[in-house]
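Letter by letter, the chains look like this.
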Amino acid sequence: QVNLVESGGGLVQAGGSLRLSCAASGSIYSIRTMGWYRQAPGKQRELVATITSGGTTNYANSVKGRFTISRDNAKKTVYLQMNSLKPEDTAVYYCNVNWWDYGGSSSNLWGQGTQVTVSS
């Protein structure tokens, strides 16, 4: 069984910063892609940023230059540094992890979500 624990959300004023973390634990042989997604009220879940096992990153246009995704493979943790936050960044942020297990199967899991609220 694999678990994801997210942390770091909260309330911040526009222009402020937050850092999200998502730690994976359990029967993981190798983590493939890790990512962050968000869902605002009344909207569909959307990609924020992803990072591959090799460190290649991909960002939504709306966060480029403001958000930075990184990972610590030894800790099985992915981070999202969010700077210059805007009210439109308000959403529940979910991490997503894709991994190989010891049996050679690929699996995918979502975190429980953490609320980020940016006040104007």
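Note on numbering: residues in each chain are counted from 1, in written sequence order. Under the rules for a predicted model, residues below a pLDDT of 70 receive no local features and side-chain atom pairs below 80 are neither given nor counted, while totals for whole chains, interfaces and linings still include all residues. Side-chain numbers here rest on the full set of heavy atoms in the structure, without hydrogens or water.

Participant: In this structure, what is going on with the pairing of strand β11 (residues 114–119)? I would like to understand it.
Facilitator: A regular strand places its side chains so that they alternate between the two faces of the sheet. We call a residue buried when its accessible area falls under 20% of the maximum for its residue type, exposed when it is over 50%, and partly exposed in between, using a 1.4 Å probe and counting protein chains only. Secondary structure is summarised from DSSP: a helix means a run of H or I of at least four residues, a strand means a run of E of at least two, and numbering begins at the N terminus for each. Every second residue of β11 is oriented toward a common face, the buried set being Thr114, Val116 and Val118 and the non-buried set Gln115, Thr117 and Ser119. Between any two strands, pairing holds if DSSP finds at least two bridges. The pairing of strand β2 (residues 10–13) with β11 spans 4 bridges and is classified as parallel. By the bridge assignment for β11, glutamine 13 is matched with serine 119.

Participant: I tried to follow the environment of tryptophan 99 on my own but got confused; where do I start?
Facilitator: Relative to the helices and strands, tryptophan 99 is located in strand β9 (residues 91–100). Note on tryptophan 99: relative accessible area 7%, which makes it buried. Along the sequence, tryptophan 99 and valine 2 sit 97 residues apart, while their C-alpha atoms lie 9.8 Å from each other. Ignoring sequence-local partners within four residues, the contact set of tryptophan 99 consists of Val2, Ser27, Ile28, Ser30, Ile31, Arg32, Ser105, Ser106, Ser107, Asn108 and Leu109. Note on contacts: a residue pair qualifies if any of its non-hydrogen atoms lie within 4.5 Å across the two residues.

Participant: Looking at this model, I keep getting lost on the packing of aromatic side chains. Mind explaining?
Facilitator: Any aromatic ring pair is given by two values, namely how distant the centres are and how the planes are angled relative to each other. Note on ring pairs: Phe, Tyr and Trp rings are taken, using the six-membered ring of Trp, and paired if centres are within 6.5 Å. Classes follow the plane angle, with under 30 degrees stacked, over 60 edge-to-face and the rest tilted. Tallying each qualifying case throughout the model produces 2 aromatic pairs. Between tyrosine 29 and tyrosine 102, the aromatic rings sit 5.6 Å apart at their centres with planes inclined by 70°, giving edge-to-face as the arrangement. In this pair, tyrosine 29 sits in the loop between β3 (18–26) and β4 (30–39) while tyrosine 102 sits in the loop between β9 and β10 (106–110), placing the two residues 73 residues apart along the sequence. Residues tyrosine 29 and tyrosine 102 agree in their burial class; the two are exposed. Aromatic pair tyrosine 37 and tryptophan 110: ring centres 5.0 Å apart, planes at 70°, arrangement edge-to-face. Taken together, the positions of tyrosine 37 in strand β4 and tryptophan 110 in strand β10 put the pair 73 residues apart, joining distant regions of the chain. A relative accessible area of 37% places tryptophan 110 in the partly exposed class. Criterion for a charge above a ring: Lys NZ or Arg CZ within 6 Å of the ring centre, and within 35 degrees of the ring normal. Directly above the ring of tyrosine 79 sits arginine 19, whose terminal nitrogen or CZ lies 4.1 Å from the centroid. Between the NZ or CZ atom of arginine 45 and the centre of the ring of tryptophan 110, over which it lies, the distance is 4.5 Å.

Participant: Looking at this structure, I do not really get the pattern of salt bridges. What am I missing?
Facilitator: It is possible for side chains of opposite charge to pair when their charged atoms get near one another. Take a side-chain nitrogen of Lys or Arg and a carboxyl oxygen of Asp or Glu: if they are within 4 Å of each other, that pair is a salt bridge. Under the criterion given, the structure shown has 3 salt bridges. A salt bridge links glutamate 46 to arginine 38; its shortest N-O distance comes to 2.7 Å. Given a relative accessible area of 36%, glutamate 46 falls into the partly exposed group. You can call arginine 38 buried: its relative accessible area is 5%. One salt bridge connects arginine 66 with aspartate 89, and the closest N-O pair in it is separated by 2.7 Å. Highlighted residues: arginine 66 in the loop between β6 (57–59) and β7 (67–72) and aspartate 89 in the loop between β8 (77–82) and β9, separated in sequence by 23 residues. A network of salt bridges, in which partner residues are shared, links Arg38, Glu46, Arg66 and Asp89.

Participant: Help me out: how do you make sense of the sheet that holds strand β1 (residues 2–7) in this one?
Facilitator: Pairing between sheet strands relies on hydrogen bonds along the backbone, with the strands arranged either parallel or antiparallel. An order of β1-β3-β8-β7 is seen for the 4 strands of this open sheet, with the pairing classed as antiparallel. Either end of the sheet is taken by a strand with one partner, and the two such strands are β1 and β7. Direction aside, the axes of adjacent strands within the sheet are offset by 15° on average. Fitting a line to C-alpha atoms yields each axis, with helices limited to the stretch in contact; the angle taken between N-to-C directions then spans 0 to 180 degrees.

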